[in-house]
Amino acid sequence: MLAREVLAVASGPGLFRLTDVLLEYQLSRPSAALGPLAEIVAPLTEELVQTLEVYLRRGSRRPAASELHVHPNTVDYRLRRVAELTGLDPTRIEHVTLLTAALAARRARP
């Protein structure tokens with residue numbers, strides 16, 4: 001049961017332990033905040049969600065572009081679209097935690 005829950009909140013391929021996804025796991029538990037958090041990223045297309053997840057996991061645009069098999073400028077464009085649609089800029093450290101929480105909440109919703 002716990003393994004499935006950890007897998008549900010983990011982003012990207014690989015093996016994960018609970019300690020690898022503590023923040024995402026805690027933020028994805030049922031609460032009054034879960035829905036509103038998930039709604040932050042609701043306007044994003046699947047392509048933008050994937051780009052955002054990879055960018056946040058990799059930490060910069062070039063490694064993200066390499067993993068996504070796109071040009072780094074494409075990653076920049078998609079991140080600008082994320083900022084336009086959510087009001088949160090994934091390149092600003094003060095927005096990263098909220099975007100990470102929103103993605104975890106999105107994955108946790110049925």
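Residues numbered from 1 in each chain as written. Predicted model: local features only at pLDDT ≥ 70, side-chain atom pairs only at ≥ 80, totals over all residues. Heavy atoms only, no water.

*Asks:* Let's hear about the overall build of the chain: which residues, and what values?
*Replies:* Of the regular secondary structure elements, the chain holds seven helices and zero strands. In the chain, the succession of helices and strands from N to C terminus is α-α-α-α-α-α-α. Against the compact-globule benchmark of 13 Å for 110 residues, the chain has a radius of gyration of 14 Å, which places it among compact chains. Along the first, second and third principal axes, the C-alpha set of the chain runs to 40 × 30 × 25 Å. The burial tally for the chain puts 35% of its 110 residues in the buried class. Taking the contacts inside the chain whose residues are at least 6 apart along the sequence as the reference set, 53% of them involve residues at least 24 apart. Summing over all exposed atoms, the chain offers an accessible surface of approximately 6,600 Å²; the carbon and sulfur share of this is 56%. With 14 positive and 12 negative side-chain charges, the chain shows a spacing of 3 Å between the two charge centroids. (Helix = DSSP H or I, 4+ residues; strand = E, 2+ residues; numbered from the N terminus. Rg over C-alpha atoms; globule rule 2.2 N^0.38 Å. Buried < 20%, exposed > 50% of the residue type's maximum accessible area, 1.4 Å probe, protein only. Contact = heavy atoms within 4.5 Å. Areas by Shrake-Rupley, 256 points an atom, 1.4 Å probe, with all protein chains shown as cover. Lys, Arg positive; Asp, Glu negative; His and termini not counted. Charge placed at Lys NZ, Arg CZ, Asp CG, Glu CD.)

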